[in-house]
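Descriptive structure summary
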Amino acid sequence: MYTYKTHGVCSRAIEFDLKDGKIASCRFIGGCTGNTQGVAALVTGMDAQEAIRRLKGIQCRSGTSCPDQLAIALEQALASGQ
């Protein structure tokens, strides 16, 4: 399980698992429940690189968003060999 502490958004953290380059599970801690559950459901099973491509740069407030934070978290996890 990889845990990422978010910055500049309503959610406090994102937890996810990667398996063979795919997002095996995803859960946002805090934030707008319907939106974060929806994003988590949509990316589960998706290739992590594809999720990054689709989500990176989406803005909500403070120049970022929960989907953008997930993209950043996925990049960090992949870079660390998760």
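Our structure is the block above this text.
Residues numbered from 1 in each chain as written. Predicted model: local features only at pLDDT ≥ 70, side-chain atom pairs only at ≥ 80, totals over all residues. Heavy atoms only, no water.

**Some points on helix α2 (residues 48-55)**
- Along α2, the residues classified as buried are A48, A51, I52 and L55. Around the axis of α2, the buried residues are gathered within 100 degrees of arc, so they sit on the same side. Counted as exposed and oriented over 90 degrees from the buried face of α2: Q49, R53 and R54.
- In this fold, the buried residues of α2 make contact with β2 (11-19), β3 (22-30), α1 (33-43) and α3 (66-79).
- One or two residues past the end of α2 sits G57, with phi positive at roughly 95 degrees. (Buried < 20%, exposed > 50% of the residue type's maximum accessible area, 1.4 Å probe, protein only. Helix = DSSP H or I, 4+ residues; strand = E, 2+ residues; numbered from the N terminus. Arc of directions from axis to C-beta. Contact = heavy atoms within 4.5 Å.)

**Topic: the packing of α2 against α3**
- Here α2 crosses α3 at 145 degrees, and the two axes come no closer than 8 Å. Crossing angle aside, the handedness with which α2 passes α3 is left-handed. Contacts between α2 and α3 involve A48, Q49, A51, I52 and L55 from the first element and P67, D68, L70, A71, L74, E75 and L78 from the second.
- Partitioning the contact of α2 with α3 into residue classes produces 9 nonpolar, 1 polar and 2 charged. (Axes fitted to C-alpha atoms, helices over the stretch in contact; angles between N-to-C directions. Left-handed = near helix turned anticlockwise from the far one by under 90°. Nonpolar A, V, L, I, M, F, W, Y, C, P; charged D, E, K, R; others polar.)

**Some points on the environment of M1**
- By the element assignment, M1 lies in the segment before β1 (2-5).
- You can call M1 exposed: its relative accessible area is 60%.
- M1 sits 17 residues away from L18 along the chain, and the two C-alpha atoms are 7.9 Å apart.
- Aside from chain neighbours lying at most four places away, what touches M1 is E15, F16 and D17.

**Concerning the pairing of β1**
- Side chains Y2 and Y4 of β1 all project onto a buried face; the interleaved residues T3 and K5 project onto a face where none is buried.
- As defined by bridge partners, β1 adjoins β2 across 4 bridges and the pair is classed as antiparallel. Directly across from Y2, in β2, lies its bridge partner F16.
- The loop that links β1 with its antiparallel partner β2 comprises 5 residues; one of these, G8, has a positive phi angle of about 80 degrees. (Pairing = 2+ DSSP bridges.)

**Points about the sheet that holds β2**
- The strand order β1-β2-β3 describes an open sheet built from 3 strands, whose pairing is antiparallel. Both outer strands of the open sheet, β1 and β3, are each paired with one neighbouring strand and no more. Put simply, the sheet's adjacent strands are angled 20 degrees from each other on average, direction ignored.
- Contacting β1, β2 and β3, α3 runs over the sheet at an angle of about 45 degrees to β2.

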